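# Topology and contacts: notes
Read off the chains here:
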Protein chains: 2
Amino acid sequence: MAGISGTKAEGANSVVVSGGYEDDEDAGDLIRYTGMGGNDPATKKQIADQTLDQPGNAGLVTSQLEGLPVRVTRGTNGDPMYSPSSGFRYDGLFRVADHWTKIGKGGFRIWQFLLERIEGDAGGYGEGAEPSGQRKPGRTTGVVTRVTRNTVVTEWGKRLYAHRCQFCGAQIEVVGGRYAEGAHIRALGSPHEGPDTPDNVLCLCPTCHVRFDNGGVYVTDELVIHDATAGEQLGVLQPHKKHSINVDHLRQHRGRWGY
Amino acid sequence: MAGISGTKAEGANSVVVSGGYEDDEDAGDLIRYTGMGGNDPATKKQIADQTLDQPGNAGLVTSQLEGLPVRVTRGTNGDPMYSPSSGFRYDGLFRVADHWTKIGKGGFRIWQFLLERIEGDAGGYGEGAEPSGQRKPGRTTGVVTRVTRNTVVTEWGKRLYAHRCQFCGAQIEVVGGRYAEGAHIRALGSPHEGPDTPDNVLCLCPTCHVRFDNGGVYVTDELVIHDATAGEQLGVLQPHKKHSINVDHLRQHRGRWGY
């Protein structure tokens, strides 16, 4: 019992956290989970690059994009703080909140996933936790959320650009006025720990925001906007004179998608 | 001390809940709040239509679109369960989660707002609650979320349409695959109580989803898609043969925007 169960088409149904990957980090309700592949089971070291073609990895991305919950099971070899003293234990439903790529401790490319416990899910860490079959999946299964953070800084950015998308130029109108989203280039919070500062913020329409946050679009040091999936340039970012963008944050964003 | 403080440009900073409007409903952490205008203070009855031109109403919409928090103060004439026994009491930060229009109990058009306590805000209902000035607004001010619910039903809809937006035809690609959102026509949960059934779901891109949920786009009984802010037709919805759309839900959606 190990690894990720799932496919690109259906998403990942379940993962096992059992200390098999040196780049994993378990914080209980939040897990930095390394994808599958390239791993030597004997030494737990990476010996080759991971890719998104591996079905478990592609499945976890699908789970994020589709908002599908993932069942987490912990094994005895994981972090002692959260792992069962023997065997395996079902630990509840998590959502895939983020994914990115980087060079792991072993010097090879890995893909990582941020797993976050779904609020209201009853899964606990006790040895006596109920098995999966006795839960009421109807309460939480398949109901997750896409979270967009608005801060005073993104607010400032949106007003500076009159709510016009810095990528596609769309200016979205609804009944009550204009709508845009403030997008952090280096994402806030774990694991990217981007700052909530003007030089880390773009004013984007909802669609470009989703694409940027999921690696479909990236920006070079020269501020050229690239459509990564179509392999073409979309234009050049033209920041307002009151808005300077920190290229280090653009690099961090490109880095987490391997560009 | 009464009503809504704010403007369309800046959003609404604060509202007072004090039983002044017969269509209000206070459930503690969730408030169905009637906008300003058209109200006879003596009888609390509506005597004229409300509009979004009134600055407090426009301000609350801006607060929702911009993700700005609203300070809620309760007065002694509100629901006895949540109101102070005398005077006024600051009750913490709320977000504007939704807005819509309808004909109120008095027979006139009103605009209503769903106010939802911001998670983690310390505001309480006790008489001894701290005044506004002693809170730490930095913890929560301006950090709110746009919530998109994905369910197994929206999942089904997205696969049926190969993630192609039913309004604009966009098929969003990111690193891990295609992305779309399942949009409920009649919204889930309070106050619209829409069902999570296939006949209440559309497959939309993030931008069209935001526009639909905020009244920028609506659909007629004949499935004609209207851009409400531009005043033009966008095309005709062409549902998949396995997907029937319930026109009652389209009517409820139009009704809540006054179309």
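So, here is what we can say about the structure in this document. Since this is a predicted model, take the numbers as computed values, not measurements.

A few words on the overall build of chain A. Looking only at helices and strands, one finds five helices and 17 strands in chain A. In chain A, which comprises 259 residues, the share counted as buried stands at 53%. Long-range contacts, defined here as pairs at least 24 residues apart, represent 57% of the contacts in chain A between residues at least 6 apart.

Before going further, it helps to spend a moment on the environment of L115 of chain A. Inspection of the secondary structure assignment puts L115 of chain A in strand β9 (residues 109-117). Placed 86 residues apart in sequence, L115 of chain A and D29 of chain A show a C-alpha to C-alpha distance of 8.0 Å.

Take helix α5 (residues 247-255) of chain A next. Residue and element names in this part refer to chain A. Among the residues making up α5, those that are buried are H249, L250, Q252, H253 and R254. Packed against the buried residues of α5 are α4 (206-213) and β15 (217-219). Taking the backbone nitrogen of D248 as reference, a side-chain oxygen 2.8 Å away marks N246 as the first, capping residue of α5.

Our next topic: the sheet that holds strand β13 (residues 217-219) of chain B. All names here are of chain B. Pairing is antiparallel in the open sheet, where three strands are placed in the order β13-β14-β15. Of all strands in the sheet, those bounded by a partner on one side alone are β13 and β15 (232-236). Here the strands of the sheet are splayed against their neighbours by 25° on average, with no regard to which way each runs. Summarising the sheet, β13 and strand β14 (residues 224-227) pair through three bridges and their orientation is antiparallel. Residue Y218 lies in a different strand from β14, and its bridge partner there is H226.

Here the focus is the packing of aromatic side chains. The final tally for this structure, using the stated rule, is six aromatic pairs over all chains. Between the aromatic rings of W111 of chain A and W257 of chain A, the centroid separation amounts to 6.4 Å while the plane-to-plane angle is 45°, which identifies the pairing as tilted. One end of the pair, W111 of chain A, is in strand β9; the other, W257 of chain A, is in the segment after α5, and 146 residues separate them in sequence. Comparing W111 of chain A with W257 of chain A, the two get one shared label, buried. Plain terms: the ring middles of F167 of chain B and F212 of chain B are 5.6 Å apart, the flat faces sit at 70° to each other, and that makes the pair edge-to-face. With F167 of chain B in the loop between α2 (152-160) and β9 (172-174) and F212 of chain B in helix α3 (residues 206-213), this pair connects stretches of sequence that are 45 residues apart. The same class applies to F167 of chain B as to F212 of chain B, namely buried.

Take helix α1 (residues 55-66) of chain B next. Residue and element names in this part refer to chain B. Helix length check: α1 (12 residues) gives 16 Å between terminal C-alpha atoms against 16 Å at 1.5 Å per residue, within 8%. The buried count for α1 comes to 11 of 12 residues, which makes it a mostly enclosed element. Buried within α1 we find G56, N57, A58, G59, L60, V61, T62, S63, Q64, L65 and E66. Remark: G67 follows α1 within two positions and exhibits a positive phi of approximately 70°.

Right, let's get into the side chain of Q112 of chain B. All names here are of chain B. Looking at where Q112 falls in the secondary structure, it is placed in strand β7 (residues 109-117). Within the local environment of Q112, its side chain forms a polar contact with the side chain of T34, the two groups lying 3.1 Å apart. With near-sequence residues (within four places) excluded, Q112 lies in contact with D23, R32, Y33, T34, D98, H99, W100 and K102.

All names here are of chain A. Of the two faces of strand β16 (residues 224-227), both are covered, the one formed by V224 and H226 as well as the one formed by I225 and D227. Summarising the sheet, β16 and strand β17 (residues 232-236) pair through four bridges and their orientation is antiparallel. By the bridge assignment for β17, V224 is matched with V236. The turn linking β16 back onto β17 is made up of four residues, and G231 within it adopts a positive phi angle of 65°.

All right, on to the packing of helix α3 (residues 152-160) of chain A against α1 of chain B then. Where α3 of chain A contacts α1 of chain B, the two axes come as close as 11 Å, and the packing angle between them is 110°. The angle between the axes of α3 of chain A and α1 of chain B places the two elements in the roughly perpendicular class. In contact with E155, K158 and R159 of chain A of α3 of chain A, α1 of chain B contributes T62, L65 and E66 of chain B. Considering only residue class, the contact of α3 of chain A with α1 of chain B consists of one nonpolar, one polar and four charged.

Rules of the game
- Residues numbered from 1 in each chain as written.
- Chains lettered and ligands numbered in written order.
- Predicted model: local features only at pLDDT ≥ 70, side-chain atom pairs only at ≥ 80, totals over all residues.
- Heavy atoms only, no water.
- Helix = DSSP H or I, 4+ residues; strand = E, 2+ residues; numbered from the N terminus.
- Buried < 20%, exposed > 50% of the residue type's maximum accessible area, 1.4 Å probe, protein only.
- Contact = heavy atoms within 4.5 Å.
- Polar contact = N/O pair within 3.5 Å; in protein donor to acceptor, adjacent residues only side chain to side chain.
- Pairing = 2+ DSSP bridges.
- Axes fitted to C-alpha atoms, helices over the stretch in contact; angles between N-to-C directions.
- Phe/Tyr/Trp six-rings, centres within 6.5 Å; stacked < 30°, edge-to-face > 60°.
- Expected span 1.5 Å × (residues − 1).
- Parallel < 35°, antiparallel > 145°, perpendicular 65-115°, else oblique.
- Nonpolar A, V, L, I, M, F, W, Y, C, P; charged D, E, K, R; others polar.

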